[in-house]
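Residues per chain, in single letters:
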Amino acid sequence: MRSAVTVDLVLLLIAVTALALSAPLIAHITAVPALAIAFWRNAMAVGVLTPFALLRHRAELRSMGRRALLLAVASGALLALHFAVWLPSLAMTSVASSTALVTTTPIWTMLLLRLRGERQHGLIWAGTALAFLGVVILTGVDLSSSPRALAGDGLALAGGMAAAGYVLLGAEVRRTVSTVPYTYVCYATTTVLLLAACLVSGASLGPYDGGAWGQLVLLTVTAQLLGHSLVNRVVKGLGPSVTSTAILLETPGAALIAALWLGQLPSVAACAALAVILAGLAVVISADRRRRPPA
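Residues numbered from 1 in each chain as written. Predicted model: local features only at pLDDT ≥ 70, side-chain atom pairs only at ≥ 80, totals over all residues. Heavy atoms only, no water.

## Re the packing of aromatic side chains
Heads up, the condition is: Ring pairs are drawn from Phe, Tyr and Trp, using the six-membered ring of Trp, whenever the two centres fall within 6.5 Å, and their geometry is named by plane angle: stacked under 30 degrees, edge-to-face over 60, tilted for the rest. Numbering of helices and strands starts at the N terminus; helices are DSSP runs of H or I of at least 4 residues and strands are runs of E of at least 2. Think of it in three bands: residues with accessible area under 20% of the maximum for their type are buried, residues over 50% are exposed, and the middle band is partly exposed, with areas taken using a 1.4 Å probe on protein chains only.
For the structure on display, the rule yields three aromatic pairs. Summarising the aromatic geometry, the rings of Trp40 and Trp213 are spaced 5.1 Å apart at their centres and angled 80° between planes, so their arrangement reads as edge-to-face. Here Trp40 is found in helix α3 (residues 34–56), whereas its partner Trp213 is found in helix α11 (residues 210–246), with 173 residues between them in sequence. Looking at Trp40, the relative accessible area reads 21%, which means it is partly exposed. Here the aromatic rings of Tyr208 and Trp213 are separated by 5.1 Å at their centres, their planes lie at 50°, and the arrangement is tilted.

Written out as structure tokens, the structure reads:
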């Protein structure tokens, strides 16, 4: 059991590292509309997963119960909403602010779990509140900046709420369905919905130059196939609370990449906010380890 948890934690670290590249890379792909970026990263991922899903997991796909299938589709719809509101925010506010707000996922996950009647350790609530304080501090940085930045913050926050539902539904489906079939149905649903959004909004789906396509492929391999897919893999063993809370590590990672790559050096207030968020994360992880029975 300890070995399995260790493997899941290592995979989660890889996932968060890959996800940290997402925001800076998306901010750098200026030639592609935000909705088109979201569509292509999911469409490409579906293309990669199709041979595995149809050749190695066809029987499991056929045997998925109605409830599991509907939950996987709902999860894909929430993932589509997550992308549709978060990606535009990266052009409206800073990468650090957008990433911090979209990774408030554990806060909404905790609230949804509580509404479902699942009680959490008091320290987990305290850590979540501390992390939220960091988010408030970081949002305040943009409050004095511009109404556009504030609107971007709101979109990123909505993206975090949608991601909480995506993680919770994914954890439920993964009780009975393995990673590839669930991920395939989820991404396929997301792809169809984002394609519809692109067609309705008039977002250009191409053609793009070679550099833009290369960046889309890199985004798909890192953030989508390594990031989201590994999150889907570990959520069964680690649970939605730990998985979603660990995603907060994406915030300092994205801020560091943005500073080195895009020259978006965070302010002193933003650095303080990131430190508070990490402190809250440490409290949540510590409380969860106390709650778990010894192996």
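## Focus on α11
Short version of the rule: Any helix carries an expected span of 1.5 Å times its number of residues minus one. Given a residue, its bend is the angle between the two axes fitted to the seven residues that end at it and to the seven that start from it. Any pair of N or O atoms that falls within 3.5 Å is considered a polar contact. Within protein, one atom must be able to donate a hydrogen and the other to accept it, and sequence-neighbouring residues count only if both atoms are side-chain atoms.
Helix length check: α11 (37 residues) gives 34 Å between terminal C-alpha atoms against 54 Å at 1.5 Å per residue, more than 12% under. For α11, the principal kink sits at Gly239 and spans about 120°; a proline, Pro240, occurs within the next four residues. A large share of α11 lies buried, amounting to 26 of its 37 residues. You can read the cap of α11 off the contacts: a side-chain oxygen lies 3.2 Å from the backbone nitrogen of Gly211, and it is on Asp209.

## What to know about the pattern of salt bridges
Stated formally: What makes a salt bridge here is a side-chain nitrogen of Lys or Arg within 4 Å of a carboxyl oxygen of Asp or Glu, nothing more.
Per the stated rule, a full pass over the model turns up three salt bridges. Notably, a salt bridge pairs Glu172 with Arg67, separated by 3.2 Å at the nearest N-O pair. In this pair, Glu172 is assigned in helix α9 (residues 147–173) and Arg67 in helix α5 (residues 66–89), connecting sequence segments 105 residues apart. According to the relative accessible area criterion, Arg67 is exposed, its value standing at 56%. One network of salt bridges, with partners in common, ties together Arg67, Glu172 and Arg175.

## Things to note about the environment of Leu169
We apply this condition: By definition, residues are in contact when any of their heavy atoms lie within 4.5 Å.
Assignment of secondary structure puts Leu169 in helix α9. Note: C-alpha distance between Leu169 and Val73 (96 residues apart in sequence) is 9.6 Å. The contacts of Leu169, once residues within four sequence positions are left out, are Leu71, Ala74, Ser75 and Leu78.

## Some points on the side chain of Thr191
With respect to the element layout, Thr191 can be found in helix α10 (residues 179–201). Relative accessible area serves as the criterion here: at 12%, Thr191 is assigned to the buried category. A distance of 2.8 Å separates a polar side-chain atom of Thr191 from the backbone oxygen of Tyr187. Excluding residues that lie within four positions of it along the chain, Thr191 makes contacts with Phe39, Asn42, Ala43 and Val46.

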